Amino acid sequence: MKYKHIIWDWNGTLFEDVFLCCDIMNHILQKRNLPQITLEQYRDVFTFPVIEYYKNVGLDLEKYPFKDLGIEFITEYENRKLDYNLFAGAEQTLSAINNLGLSQSILSAYSQNTLEEIVEHFNIKKYFIKVVGLDNIYAASKIENGKKWIKQLNLSGSEVLLIGDSLHDKEVADEISADCILLSHGHQSLKTLKKENVRLFNSLNELL
């Protein structure tokens, strides 16, 4: 096996929070008398940076500042996050990769402190040599953190596999010259993911 390290995305890849994020957005839209979206529509319009997704669902960011919307979103997310779980097969997959002798880490657009907290909650921190999140709640990009992390790993990109659920994960993988696998069970639809030439799996169990 050429890989020595696996970099995981968190939200929508290992953590099944897609419905939660869609539901919170619908609360935000409802408060402003804007049309709500279905889960299918959510997965079609979600994108990075997240500010573009807010525009896609019809929010006027001059009328409703993105900073305020972000705080509103993350406050409800934090209050409800522990009502949701890991995707089926998540721990089995992490354990199997660990048994192959590969190291693993998380690279997420989730804020660092809350990322560490929730990974600890699910008792899976033991599988990761590092958990890398952002220093804010606005989920703009993971590219810079990805570049810093690959330098710290001291591995060539060809020795690293990044697994995520969005085209942004593919962008990050390309920037650090790593291979990429995307899962279609997350925040972006299969139709969206097929826009890139990337290996696709429907679930963690299928990947395993």
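Computed from a predicted structure; not experimentally measured.

Draft legend 1. Focus on the packing of aromatic side chains. Under the counting rule described, the total for this entry stands at 11 aromatic pairs. Note on Y42 and F46: the rings are 5.6 Å apart at their centroids and 40 degrees apart in plane angle, and the pair reads as tilted. One exposure class covers both Y42 and F46, and it is buried. Both rings, one in F46 and one in F48, keep their centres 5.3 Å apart while their planes meet at 85 degrees; by these two values the pair is edge-to-face.

Draft legend 2. Structural context of the packing of helix α1 (residues 18-31) against helix α4 (residues 66-80). Two elements in contact, α1 and α4, have axes separated by 10 Å at closest approach and are oriented at 135 degrees. One finds that α1 runs oblique with respect to α4. Viewed along their axes, α1 and α4 form a crossing whose handedness is right-handed. On α4, the residues that touch L20, C21, D23, I24, M25, H27, I28 and K31 of α1 are L69, E72, F73, E76, Y77 and R80. Grouping the constituent residues of the contact of α1 with α4 by class yields eight nonpolar, one polar and five charged.

Draft legend 3. Up close: the nonpolar core. Residues W8, W10, Y54, L59 and F128 are the most contacted members of the largest nonpolar core, which totals 52 residues. Counting residues per element, this core draws most heavily on α1, at eight residues. Ranked by size, the runner-up nonpolar core spans 18 residues in total, among them I7, V160, C180 and V198.

Draft legend 4. Looking closely at α1. Here α1 contains 14 residues, and its C-alpha end-to-end distance of 20 Å stays within 8% of the 20 Å for a straight helix at 1.5 Å per residue. Buried residues dominate α1, accounting for 10 of its 14 residues. Looking only at α1, the buried set comprises V18, L20, C21, C22, D23, I24, M25, N26, I28 and L29. On its buried face, α1 sits against α2 (39-45), α3 (50-56) and α4. Within two residues after α1, N33 carries a phi angle of roughly 55 degrees, on the positive side.

Draft legend 5. Examining the pairing of strand β2 (residues 103-111) more closely. In terms of burial, β2 is largely enclosed, as eight of its nine residues are buried. In terms of strand pairing, β2 meets strand β3 (residues 130-134) through four bridges, oriented parallel. Looking at the pairing, S111 lines up with L134 of β3.

Rules used in this analysis
Residues numbered from 1 in each chain as written. Predicted model: local features only at pLDDT ≥ 70, side-chain atom pairs only at ≥ 80, totals over all residues. Heavy atoms only, no water. Phe/Tyr/Trp six-rings, centres within 6.5 Å; stacked < 30°, edge-to-face > 60°. Buried < 20%, exposed > 50% of the residue type's maximum accessible area, 1.4 Å probe, protein only. Axes fitted to C-alpha atoms, helices over the stretch in contact; angles between N-to-C directions. Helix = DSSP H or I, 4+ residues; strand = E, 2+ residues; numbered from the N terminus. Parallel < 35°, antiparallel > 145°, perpendicular 65-115°, else oblique. Left-handed = near helix turned anticlockwise from the far one by under 90°. Contact = heavy atoms within 4.5 Å. Nonpolar A, V, L, I, M, F, W, Y, C, P; charged D, E, K, R; others polar. Core = buried A, V, L, I, M, F, W, Y, C linked by side-chain atoms within 4.5 Å. Expected span 1.5 Å × (residues − 1). Pairing = 2+ DSSP bridges.

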